[in-house]
Amino acid sequence: MDLTARSHLLQNREALERDIKTSYVIDHMIADGALTPQEEAEVKAVTTQRDRAAKLIKTILKKDDHAYISFYNALVHEGYKDLAALLQDGIPIISPRNGNKSTDGVTSYVKTILCEGGVPQRPVVFATRPELTKRIQRKLYKLKSDPGWVVIYGMAGCGKTVLAADALRDHNLLKDCFPGGVHWVSIGKQDKSGLLIKLQNLCLRLDQDVTYLQRPPLNIEEAKDRLRVLLFRKYPRSLLVLDDIWDSWVLKAFDSHFQILLTSRDRSVTDSVTGKKYEVPVESGLSHEKALEILSLFVNMEITELPEKADWIVKECKGSPLVVSLIGALLRDFPNRWEYYLRQLQNKQFRRIKKSSSYDYEALDEAMSISVEMLPENSKDYYRDLSVLQKDVKVPSKVFCVLWDIETEEAEDILQGFVNKSLLFCDRNGKSFHYYLHDLQLDFLTEKNRDQLQALHKKVVHQYKNHYAQYMPNSTQEDWMYWYNFLAYHMSSASMHDELCALMFSLEWIKTKTELVGPAHLIHEYVEYSEILNEKDPIARENFQEFLSLNGHLLGRQPSLDIVQLGLCQPESSKVYQQAKLQAQQGLDKGSFYVEWMNKQSIKNTYRLVVRPHTDAVYHACFSQDRHRIASCGADKTLQIFKAESGEKLLEVKAHDDEVLCCSFSADDRFVATCSADKKVKVWNSRTGQPVCIFEEHTEQVNCCQFSNTNHNQFLLATCSNDSFIKLWDLNKKYCRNTLFDHSSSVTHCRFSPNDKYIASCSADGTLMRTDTKISTSLPEVLINHHYTIQYCDFCPNSQMVAVALSNYSVEIWNIESCSKIADCRGHMSWVHSVTFSFDGSLFLTSSDDQTIRIWETSKVCNFSAIVLNREIDVLFLDSDVIILAIDSSKRLQLISGYTGNTIYLTKEQDSLICCCCLSHDRKVAAFGENNGTVKVLSLQNGNTLNSRTGHREAVQHCQFTSDGKTLISSSDDSTIQVWNWQSEECILLKGHNERVKKFLLLKDSRLLSWSFDGTVKLWNIVTGEIEKDVICHENAILSCAISPDATMFSTTSSDKTAKIWSFETSSMLHKLNSHESCVRCCAFSLNNELLATGDDNREIRVWDVSRGELLHLCSRASIDEGESAHEGWVTDLCFSPDNKILVSSAGYIKWWNVDTGQPLQTFYTNGTDLKSLHVSPDFKVCVTVDNLGILYVLRIME
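All of these numbers come straight from a predicted model, not from anything done at the bench. Every chain begins its residue count from 1, and numbering advances along the sequence as written. Local features in this predicted model are restricted to residues of pLDDT 70 or higher, and side-chain atom pairs are both shown and tallied only at a pLDDT of 80 or more, whereas totals for entire chains, interfaces and linings draw on every residue. Note that the side-chain values use all heavy atoms of the structure and ignore hydrogens as well as water.

Participant: Describe in detail the sheet that holds strand S19 (residues 702-707), supporting the description with residues and values.
Facilitator: Spatial ordering of the open sheet is given by S19-S20-S21-S22, a layout of 4 strands whose pairing is antiparallel. Each edge of the open sheet is held by one strand with a lone partner, namely S19 and strand S22 (735-740). Sheet twist, expressed as the mean angle between neighbouring strand axes with direction ignored, is 20°. When DSSP finds two or more bridges between a pair of strands, those strands are recorded as paired. Secondary structure elements follow DSSP: runs of H or I of four or more residues count as helices, runs of E of two or more count as strands, with numbering from the N terminus. Where S19 and strand S20 (residues 716-721) come together, 5 bridges link them in antiparallel fashion. By the bridge assignment for S20, Phe707 is matched with Leu717. Angles here are taken between N-to-C directions and fall from 0 to 180 degrees, while the axes themselves are lines fitted to C-alpha atoms, restricted in helices to the stretch in contact.

Okay, structure coming up:
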């Protein structure tokens, strides 16, 4: 090592040992050839970081100048710029043994060796590929002491020859390994006579002084012997380079223990020769930046000066050095033909892309075609079949087994032959093999076989149908993913329109595909093939696409979901319903269980699409300016970008180290900004997901980020944080342009005005501010009075509407001029975190804790009523109809026909909030209780109030008429029960409970059973008002009570996690049921008095033997073992069938169970969740409930 360099290392040794981490530095030095793997192992064997650094420097001090320079470059690359500066003055001048370097860094010694050896010069336009060059050089070093073969292989035009020649332009490599020189021979496609000529010329070149023999060799064997003598005696330790080898038999003439570097398209070309072999695959093409660099050199322009078409041309070149060079050479001669050559590339007109050059083939198609023509005849048909593949798709070998109807091993042998010849690429993932074509190879194949493509696609479909005639592929099979993703593509390409429609209009296909790959791809196919599907049945296409758009998130998440049952929830005019009805009827004959939603025609969907892109809560979602894409972020720390039409994922970025709270598209859609609880703001390329910049000046979590609306060339980004600051960032200069100090507490939201002149912001300090860069002014406070917390709001860009997300999981649309509510949008199952309009106002997004994003159509939402129902209802079951009395959100009572959903009668709006209601058996009068303690009786004939009474001090929670309709009984939060003859005005107030009355049951003989949060059950005589029995059942609140059909027992359930069975006669406890792990919320006896069912807040249902108090079944256990709970939400109600064989339960949805086995028979997924109660008809055929979205369900068991 140069003395100056050594001195600098020793002088700065302490600083270097203290600060550097050796692992990445060593990686760079090994790549440079400055360290060996053995030396790396010796350094890593040392225990501490400082000792490892000391060992590394000690090793470098024993080496030459190359090691010093490599160490310096590694420090610069790894960010140790201060340490590198300490060594900069010691960088040695290249020693004389290395010769005089030219401007391209190659010494005169290297130039002489390469020139004498016939090594081709660098192309006129040349861009380095250092990683591949280093890899080749490392392999060549292995030939230093032993003969062998270094094989560079890859597809046509990938730059093998240029890389081989460039790898030899290294002084140390030639001096250390091949002092005898380098001898380059371009072989190409040859017959035996052609090879003999090549050998004769090589021997002549090596024996120019005619040392050994004057005449040329007469045959290949003689030439082989002559070559061995020349290389071993005249040129020992020399390298023989064989460029462009096509056939393995050619190499037998050189198989004499030489050191050989060869290039080939065929990886297996060295299989028949002896000696060690070292492979260097050239699979990856040029990077986008490198390809632009080559183009710029050809046309003599700076990269920044290249026209926009240059980017598109590079993309179409697929990274191929050959294609980039051909196009560059053409553009050098015809600089105005950017558009023309781009069009030729896009249209696959390879014959028109040609240019005389040093390359053996003038046109791109010729270079590719020659490889295919060299295949054996029996392989050409197999290779032609690959024309049907799609770009960037890796196909498992099982697909080719199906396509060619052969065994796996035979198919893999055929495919490996293509791989060996660089006509196909193989990705080995464990035991499975996946194959794919380079984009240019696929373009060439599809263009060459254009006239046969339809027949080839048809062959794929027929072979699939033959192989899977009896069943559909499942996830245990290697090829299942391919068929579900691409079968429709093959049918469409084969013009098999009937088969495509049959597939896309199949509920079985929809369920299986959605469960395996999610709904987005299938929705995309409905859009992509809509023209074909519409020719067959446009209504069916619309029905199936809508069905999947609104229910796909359920199918993808609930593997046990019955798609036939889901299809029965569609309108009766829907093709989905008609197919589901037919399948359900066929299933009933085989013992299946289905229910019909009788009043579904009264329910209208107002959202267009539901997607579930995240694995946790979604905090924000927004449209791109063109409305084609949606960006979303959430608690899973990711940024997702997907198609607005189908939900198909375009991009997923692991964006932050903590929850991502907001995201925003830039005005030109090129960038997406994200901000997080990790205090960082990041900007990403919205197409590639590459980071553009990171801002880290906030000191607390960043709550919101918003781009400016205009000034496309001057990107401004506003962010606000819990640190109370608003910051304005300049993306072009990547710095904070301004910090605003207007708020005194956490700033939760900020937004630019339409003209970007102001920033509006709101804060936890209760202020709303409008700010420009110089002035901060407070805006007037605007309030929408509401019972719920406002989570988020957004203004419609082109109307006087504002969307408000509320804490009751709903979104309301208000007119801000009239201050009137236009619509109530319900669909989410949990907190709605954001609501965002598209830039044209036609759509809006909502994102929620339930992990879904819903896309709503503004016009649809505003055309439907904002009225929804309360979950407190009363139901009468008639022979021909079901009558429901319900409370709506406008403080009115609705009398509804259950089978049609039509409103029979509607009362006027009441002054106070209605809490409960009931209907008389003759349907002539209705009663309701208000939150002010008043109960009222209404005539259902004219709507008049017949009587009212304010006997309670607090809200009335339950009311019920006696069978004759003359007496109204009500219970209240004030712990009292009122027995009121509303006709005679006689009233008895039952006082005895110490806390709120949960509910009561009317019994025969003028008796009433009530239970309360005070833990007691009381039996009352409603005529005298006396307590006949007072039983302390639990220490905690009693949540439900049930009486056995024979009236000998009653059961209680409690928040103390127990259920109990009691004797009615003695008031003694018969059994205590202990195995629940959370609040037991409901219970029900079977009609034969033998069974008791209990349900809890842990979503579990237990069936008990009443006589013994023993547990018979845990109904949820099978589902839990499969990773899915029996219910989402608390189990709130239970009911047995008359024959005691079926149990129905309510919670997040409704489930029917086989009592004997404890297994589910069917699940009905309601649109909302949190069902409060079930009303079941005496014959068990009909049940009625309302979900938390205010949707009424009248369900009838199919027979």
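Participant: Any details on the packing of helix H1 (residues 3-11) against helix H5 (residues 49-61)? Residues and values, ideally.
Facilitator: At a closest axis distance of 11 Å, the pairing of H1 and H5 adopts a crossing angle of 165°. Taken together, the axis directions place H1 and H5 in an arrangement best described as roughly antiparallel. When the axes of H1 and H5 are compared, the crossing they make is left-handed. Counted together, Arg6, Leu9 and Leu10 of H1 and Ile57, Ile60 and Leu61 of H5 form the full contact between these two elements. When grouped by side-chain class, the residues that make up the contact of H1 with H5 number 5 nonpolar, no polar and 1 charged. Convention used here: angles under 35 degrees read as roughly parallel, angles over 145 as roughly antiparallel, angles from 65 to 115 as roughly perpendicular, and any remaining angle as oblique. The sense of a crossing depends on the near helix, which, turned anticlockwise from the far helix by less than a right angle, makes the crossing left-handed and, turned clockwise, makes it right-handed. Any pair of residues with heavy atoms lying within 4.5 Å of one another is described as a contacting pair. For this classification, Asp, Glu, Lys and Arg are treated as charged, while Ala, Val, Leu, Ile, Met, Phe, Trp, Tyr, Cys and Pro are nonpolar and the rest, including Gly, are polar.

Participant: Lay out the state of the cysteines with the relevant residues and their values.
Facilitator: For the purposes of this analysis, a disulfide is any pair of cysteine sulfur atoms at a distance within 2.5 Å. Across all of its chains, the model carries 0 disulfides by this definition. Between Cys569, a free cysteine, and Cys1183, which holds the nearest cysteine sulfur, the sulfur-to-sulfur gap is 12 Å. Taking the relative accessible area as the measure of exposure, Cys569 reaches 15% and is therefore buried. Unpaired in this structure, Cys762 has its nearest cysteine sulfur neighbour in Cys720, at a distance of 7.3 Å. Residue burial is assigned from relative accessible area. The probe radius is 1.4 Å, only protein chains are included, and a residue is buried under 20% of its type maximum, exposed over 50%, and partly exposed in between.

Participant: An account of the packing of helix H12 (residues 192-206) against helix H13 (residues 220-234) is needed here, citing residue identities and associated values.
Facilitator: For the pair H12 and H13, interaxial distance at closest approach is 10 Å and the crossing angle is 25°. In terms of orientation, H12 and H13 fall into the roughly parallel class. Note that H12 runs across H13; the crossing there is left-handed. Where H12 approaches H13, its residues Lys192, Leu195, Leu196, Leu199, Leu202, Cys203 and Leu206 are matched on the opposing element by Ile220, Ala223, Arg226, Leu227, Leu230, Leu231 and Lys234. Here the residues of the contact of H12 with H13 sort into 11 nonpolar, no polar and 3 charged.

Participant: How would you explain the packing of aromatic side chains if you had to name every residue and give the values?
Facilitator: Centre distance and the angle of the planes are the two values used to describe a pair of aromatic rings. Aromatic rings from Phe, Tyr and Trp, with only the six-membered ring used for Trp, were paired whenever their centres fell within 6.5 Å, and each pair was classed as stacked if the ring planes differed by under 30 degrees, edge-to-face if by over 60, and tilted otherwise. This structure, assessed with the given rule, holds 27 aromatic pairs. Pairing Tyr383 with Phe418 gives two aromatic rings, centres 5.0 Å apart and planes at 65°, and the pair type is edge-to-face. Here the residue Tyr383 occupies a position in helix H20 (residues 377-385), and Phe418 occupies one in helix H22 (residues 408-420), the gap between them amounting to 35 residues. Both residues of the pair, Tyr383 and Phe418, count as buried. A ring pair is formed by Phe425 and Tyr436, whose centres lie 5.6 Å apart and whose planes are at 25°; its orientation type is stacked. Placement of the pair is Phe425 in strand S7 (residues 425-429) and Tyr436 in strand S8 (residues 432-436), with a sequence separation of 11 residues. Like Phe425, the residue Tyr436 is buried in the burial classification. Three or more aromatic residues joined by ring pairs form one cluster here, namely Tyr464, Tyr468, Tyr471, Tyr482, Trp483 and Phe486. Each ring is checked for a lysine NZ or an arginine CZ that lies within 6 Å of its centre and within 35 degrees of its normal; such an atom marks a charge sitting over the ring. The ring centre of Phe334 lies 3.8 Å from the NZ or CZ of Arg337, which sits over that ring.

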